[in-house]
Every structure is written in C-alpha cells, then in structure tokens.
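# Descriptive analysis of the structure
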Amino acid sequence: MNPHFPAAAAPVKLYRNPKSGHCHRVELMLSLLGVPCDPIDLDMAGGAHKAPAYLKISPFGQVPAIDDNGTTLSDSNAILIYLVRKYPDGHDWLPDVPEAAAEVQRWLSVAAGEIAGGPAAARLATLFNAPLDHVAAKAKAHRLFAVMEPLLKERDFLAGSAITIADVAGYSYIAHAPEGGVSLDAYPAIRAWLARIEALPGFVGMARSPIPETS
C-alpha cells in the first residue's frame, strides 16, 4: 500500500476498456505505486462512454478516466503525472531536473504520437477492425522501433538508467505490438526493455489477444 494513500479512502475508480493500452498504462502505474484500484469496464459498444454522467468525468468521451475520491481526470498521460505527484513512493518517476524532465516529456509526446499512430493503430485495425491504414501503421511502428532499438542498447529505460512514467506510457502498446501484426523479433533491446518492466514489483499485464501473422 502506498504510504500517501489514506487508509480510509476508497480505491481509485478506473473507467476503462480492458483491452485498451491507454487504460492499461494507468492500471500499471497504480499497481507500481501501490495505490488500490477499482476497475470499471465501460460498455463502449453500448455507448456508455458517451453517457452524460461519464462525459462529466471525461468530456471527450474517451477512456481511461479516474475518480480518485472526488478528483476526476481523463487522458492517460495526464493521469500518470497526477498519480506520481499525488502518491509518491520514493522513486523519481517524473524528474524535476530540467534535462531529465524534458526527456520524459519527449517520450510522453511519442506515446501520444508515434506509438498511437504506429503499434496502437495497427492493433486497432487488427483486433477491432478500425478503419485505419494497417500497412501505414505497421510501417510507422517499425520506424519508431528503429529509433528505440539503438537507444535501448545504450540505456536501460527510455529516459535514462531508471524507469520513469515515459516507460509506463510506452510499455502497453509496444508489448502488444504483435497483436497488430508488428513483430518484435528484430528488436532484442526493445524486448529486453519490456522484460525489465515486467520484472518490476507490482507489475500487472494487459489481457493478451491472438497474434496474427507478423511482418
């Protein structure tokens, strides 16, 4: 249990789709911090994410969103920042040193850009038949991995020698990239980085889906 989480407080409500990497990064962060979580799976096919009550929590009608004993917040990367500031555990998840803070922010931008448009989009097209260009998404994923691979040969984590929220934001969709037809076989340093995250105390994985033919 996180020492900064009040003993009498209710678990943080996490509104999610259990197969969403955006939601998983929040669930993973909560678990790594030792903050109790109450996952609430939304019936998105039934439009639960567009219901007026939910739009008060997440105005764009997206998951994830949290309700931390009355404090509500949406956007997965914003939630990561909130959690590590609200419930510190002694680890420097979000550095204050300008250079290190900028490096973390750079990878949060990558999570919202290249990761979302690459491995996440390829997975959406494969698992959920989203109307996306699957070939273009796979190509974007491989361009991203071509940048990450040499970096992770030189350092253990994306922003340096220690894990930060940058790694939490990047993990889920990259770990599940093969579900979108994007193989990780050619990227041993990326696979080793994933393994380092999976070895952390408190790690929780996302439900696996079938892996199609990769390329």
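Everything quoted here is computed from the prediction, not taken from an experiment.

The next thing to look at is the overall build of the chain. Scanning the chain from terminus to terminus reveals 7 helices and 4 strands. When the helices and strands of the chain are placed in sequence order, the string is β-α-β-α-β-β-α-α-α-α-α. A compact globule built from 215 residues would reach a C-alpha radius of gyration of about 17 Å, and the chain, at 17 Å, matches this within 12%. Each principal axis of the C-alpha distribution contributes one length, and for the chain these read about 50 × 45 × 25 Å. Considering the chain as a whole, with its 215 residues, one finds that 46% of them fall into the buried category. Taking all contacts inside the chain whose residues are at least 6 apart in sequence as the whole, residues at least 24 apart take part in 69%. Per element, the accessible surface of the chain, about 9900 Å² overall, is 58% carbon and sulfur. In the chain, 18 positive and 22 negative side-chain charges are present, and the distance between their average locations comes to 4 Å.

Remark: helix α1 (residues 21-33) packs on helix α3 (residues 76-86), axes separated minimally by 9 Å, with the N-to-C direction vectors making an angle of 10°. It follows that α1 is roughly parallel to α3 by the angle criterion. The segment α1 lies against α3, with His 22, Arg 25, Val 26, Met 29, Leu 30 and Leu 33 engaging Ser 76, Asn 77, Ile 79, Leu 80, Leu 83 and Val 84.

Before going further, it helps to spend a moment on the packing of aromatic side chains. One pass over the full model with this rule turns up 4 aromatic pairs. For the pair Tyr 15 and Tyr 54, a centre-to-centre distance of 5.7 Å together with 65° between the ring planes defines the contact as edge-to-face. Of this pair, Tyr 15 sits in strand β1 (residues 12-16) while Tyr 54 sits in helix α2 (residues 52-55), and the two are 39 residues apart along the sequence. Across the pair, exposure class does not vary: Tyr 15 and Tyr 54 are buried alike.

Per the counting criterion, the structure on display carries 7 salt bridges. Across the pair Arg 85 and Asp 96 runs a salt bridge whose closest N-O atoms are separated by 3.1 Å. Pair noted here: Arg 85 is in helix α3 and Asp 96 is in the loop between α3 and α4 (98-127), with a separation of 11 residues, a long-range link. Taking relative accessible area as the criterion, Arg 85 reaches 46% and is therefore assigned partly exposed.

If you trace the 4 strands from one edge of the open sheet to the other, you get β2-β1-β3-β4, paired in mixed fashion. The sheet terminates laterally at β2 (37-41) and β4 (71-74), the two strands that pair on one side only. Averaged over all neighbouring strand pairs, the angle between strand axes comes to 20°, with direction disregarded. Across the sheet, α1 is in contact with β1, β2 and β3 (65-68); its angle to β1 comes to roughly 160°. The strands touched by α3 within the sheet are β3 and β4, with β4 carrying the most contacts at an inclination of about 140°.

Rules and cut-offs
- Residue positions are given per chain, counting from 1 as you read along its sequence in written order.
- pLDDT decides what is reported in this predicted model: residues at 70 or higher carry local features, side-chain atom pairs at 80 or more are listed and counted, and totals for whole chains, interfaces and linings draw on all residues regardless.
- Just so you know, side-chain values use all the structure's heavy atoms and leave hydrogens and water out.
- Numbering of helices and strands runs from the N terminus, with a helix taken as a DSSP run of H or I at least four residues long and a strand as a DSSP run of E at least two residues long.
- The size measure is the radius of gyration over C-alpha atoms, and the globule rule it meets is 2.2 Å times the number of residues to the 0.38 power.
- Relative accessibility decides the category of a residue: with a 1.4 Å probe and only protein chains considered, values under 20% of the type maximum give buried, values over 50% give exposed, and everything between is partly exposed.
- Contacts between residues were defined by any pair of non-hydrogen atoms, one from each residue, lying within 4.5 Å.
- What sets the accessible areas is the Shrake-Rupley method with a 1.4 Å probe; for residues, cover comes only from the shown protein chains.
- Counting rule applied: Lys, Arg positive; Asp, Glu negative; His and chain ends not counted.
- Just so you know, the charge point we use is NZ for Lys, CZ for Arg, CG for Asp and CD for Glu.
- Interaxial angles span 0 to 180 degrees and are taken between N-to-C directions of axes, which are lines fitted to C-alpha atoms, for helices over the stretch in contact.
- Roughly parallel means an angle under 35 degrees; roughly antiparallel, over 145; roughly perpendicular, 65 to 115; everything else is oblique.
- Each Phe, Tyr or Trp ring, with Trp reduced to its six-membered ring, pairs with another whose centre is within 6.5 Å; inter-plane angles below 30 degrees give stacked pairs, above 60 give edge-to-face pairs, and intermediate values give tilted ones.
- For this analysis, a salt bridge means a side-chain nitrogen from Lys or Arg found within 4 Å of a carboxyl oxygen belonging to Asp or Glu.
- Strands are treated as partners if at least two bridges between them are detected by DSSP.

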